[in-house]
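Spelled out from the first residue to the last, the chains are:
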Amino acid sequence: KNRRPTTIQLCIALDPPLPQPSAVTDLTDLSTKLHGQQQLVRRLTEWMAECSRPSHCRNRKFEPIGRTLIKDYVLACRFLTPQAPPPDAYNQSEGFSKEKQMLQLCRFVSLIPFLEDFHLEDTGGDDIDAESLDIWCTSAEFIDIMAGDWEEHATLLCNFFLHLKHEAYLVFGSGIPEGDTVYVMTKERVGDDIEVFFWNASRGKRYNSKDIHCTLKEVYYVVDQHNVWGNVQATRSIPSTKFDLGDSRCWKRLFNDKNPQSSFPQMDTVQDDIDWKLSQPREAYSEEVAKRIKLAVRNRLEHWRSREGKSLVGNEGATRKLNDVMRKMEQAAHQEAEFTEENLHAELETYLQPKSSTTGFNMTGFYVNRPFTDLEPILDEIYNADIHHAGPVVTDGSESDTQFAHTVYVRCFPRRILSVWICVACLSRKR
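Residues numbered from 1 in each chain as written. Predicted model: local features only at pLDDT ≥ 70, side-chain atom pairs only at ≥ 80, totals over all residues. Heavy atoms only, no water.

Caption draft 1: Representation of the side chain of Thr 407 in the model. Relative to the helices and strands, Thr 407 resides in strand β11 (residues 402-413). Residue class for Thr 407 comes out buried when judged on its relative accessible area of 2%. Side chain to side chain, Thr 407 and Asn 323 meet in a polar contact 2.9 Å long. Once residues lying within four places of it in the same chain are set aside, the contact partners of Thr 407 are Thr 319, Leu 322, Asn 323, Met 326, Trp 421, Ile 422 and Cys 423. (Helix = DSSP H or I, 4+ residues; strand = E, 2+ residues; numbered from the N terminus. Buried < 20%, exposed > 50% of the residue type's maximum accessible area, 1.4 Å probe, protein only. Polar contact = N/O pair within 3.5 Å; in protein donor to acceptor, adjacent residues only side chain to side chain. Contact = heavy atoms within 4.5 Å.)

In structure tokens, the structure reads:
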């Protein structure tokens, strides 16, 4: 059975076509951004010119600096340093594989709400400098704000991997659907080969570099704690890109024997310790959020059905069963147990058609797992699923032949980072 997800390829054309903007950075602007770091400005200027020299590289963006929340520009390397995850985010026991630990940490980071930079400083005015809105928060600031975009998610995950003493890099490039993006890159030895993996920290996904479904589509440059490598290969295809960073024909180093990193001042990390607030109550908070979401979902379902003159008949037994299933799904999603889609269907089929009965229910439904930011996106997703219209048209018998079950399960991690599961189902009695 093919387990690959269904994909749709979409091509959009503009008429008239718009010219593609050049990615070459204004070098005088670079000097302004890195005021007081003229040695670094000179070296960056040389490196960016070297990387952009091949004609196929001129639309790649080679500017490995970030603007912090306090308005300073710093080299990307300074955002990377080992940072310890909170203990409840991953299994630290010796028998637990590092691969599973990394998958757990990737999922944990993806549960931190995503927010693009322009929302941080949107004052509602028209005179907004787009570049001034491109903020790169430290990990401590990211956790305090409890929202961030590609840079913040990828940086935190990369630093977690460095804490595990695993080789990890930030990859700046172009992805689908977001455009300019940041991923984490790791390398694993498999037999005699080295396999490269890309981690989308914002979505909690991992891809092999040879996977044609990888959502990272082109690499501009790669960053670790000590250096930056510009990609000068002609190919844009990720499966065709070589990731031997020591090959000077494919990658141009910012720091080299002639320009070692140690000769540049201000190379210390900008990161501070993260306060995970481990004593903060979590169980009561997760129950409160679950209750709030469940009540809102029920109220909306009743409202949507009442507009068509239909009532909402609940099925408490199915609700309890779905809640149990959502707990198992959470454990599986966090690498703590095995529970597949096949297990899900088998459990529900057994529940819907008990051996002691000749009748049962057909079930139509769906579930969602997401971070928690607000109620409205959840309610919109349920409405768009059109589940409130499910079930047969009642022409005889009773409306109780069409019943609904909805459940909400919430798991709370440190700093009240939430994994929210919502499941809504319509049960129609078999005739």
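So that's the structure; there's more coming.
Caption draft 2: Looking closely at the layout of surface pockets. Size it by volume and the largest pocket reaches roughly 1300 Å³. As for the largest pocket, its lining consists of 34 residues, and the residues nearest its centre are Gly 204, Lys 205, Ala 332, Ala 333 and Gln 335. For the lining of the largest pocket, the elements supplying multiple residues, two or more each, are α3 (98-110), β6 (205-208), α7 (316-333) and β10 (361-370). Considering each element in turn, the lining of the largest pocket owes the most residues, five residues, to α3. By residue class, the composition of the lining of the largest pocket is 15 nonpolar, eight polar and 11 charged. (1 Å grid on protein atoms, 1.4 Å probe; cavity = no way out; pocket = protein on both sides within 12 Å on 5 of 7 lines; lining within 4 Å. Points joined across faces, edges and corners; volume = space filled by probe spheres on them. Nonpolar A, V, L, I, M, F, W, Y, C, P; charged D, E, K, R; others polar.)

Caption draft 3: The pattern of salt bridges, seen in detail. This model, assessed by the stated rule, comprises 22 salt bridges. A salt bridge links Glu 218 to Arg 60, with the nearest nitrogen and oxygen atoms 2.8 Å apart. Of the two residues, Glu 218 sits in strand β7 (residues 216-223) while Arg 60 sits in the loop between α2 (38-52) and β1 (65-67), which places them 158 residues apart along the sequence. Assigned by exposure class, Glu 218 and Arg 60 land together as buried. Lys 277 is the partner of Asp 275 in a salt bridge, and the nearest nitrogen-oxygen pair spans 3.6 Å. Judged by relative accessible area, which is 37%, Lys 277 ranks as partly exposed. A single salt-bridge network, built from bridges that share partners, covers Arg 107, Glu 330, Glu 336 and Arg 411. (Salt bridge = Lys/Arg side-chain N within 4 Å of Asp/Glu carboxyl O.)

Caption draft 4: Spotlight on the packing of α7 against helix α8 (residues 341-352). With their axes 11 Å apart at the nearest point, α7 and α8 run at an angle of 165° to one another. Accordingly, the angle class assigned to the pair α7 and α8 is roughly antiparallel. Relative to α8, α7 is oriented so that their crossing is right-handed. Of the residues in α8, those in contact with Gly 317, Ala 318, Lys 321, Leu 322, Asp 324, Val 325, Lys 328 and Met 329 of α7 are Glu 341, Leu 344, Glu 347, Leu 348 and Tyr 351. (Axes fitted to C-alpha atoms, helices over the stretch in contact; angles between N-to-C directions. Parallel < 35°, antiparallel > 145°, perpendicular 65-115°, else oblique. Left-handed = near helix turned anticlockwise from the far one by under 90°.)

Caption draft 5: A look at the nonpolar core. Ranked by internal contacts, the top residues of the largest apolar core, which has 63 residues, are Leu 44, Trp 47, Leu 157, Leu 170, Val 184 and Val 223. Take this core: its biggest share by element is eight residues, from helix α5 (residues 150-163). (Core = buried A, V, L, I, M, F, W, Y, C linked by side-chain atoms within 4.5 Å.)

Caption draft 6: Geometry of the pairing of strand β4 (residues 179-190). With eight bridges connecting them, strand β3 (residues 168-175) and β4 associate as antiparallel partners. When the sheet's bridge partners are listed, Gly 173 is paired in β4 with Thr 181. Counting the residues between successive antiparallel strands, the hairpin from β3 to β4 contains three residues. With seven bridges connecting them, β4 and strand β5 (residues 193-200) associate as antiparallel partners. Across the sheet, residue Val 184 finds its bridge partner in β5, namely Trp 199. In this structure, the hairpin formed by β4 and β5 is closed by a connection of two residues, where Gly 191 is found at a positive phi of approximately 65°. (Pairing = 2+ DSSP bridges.)

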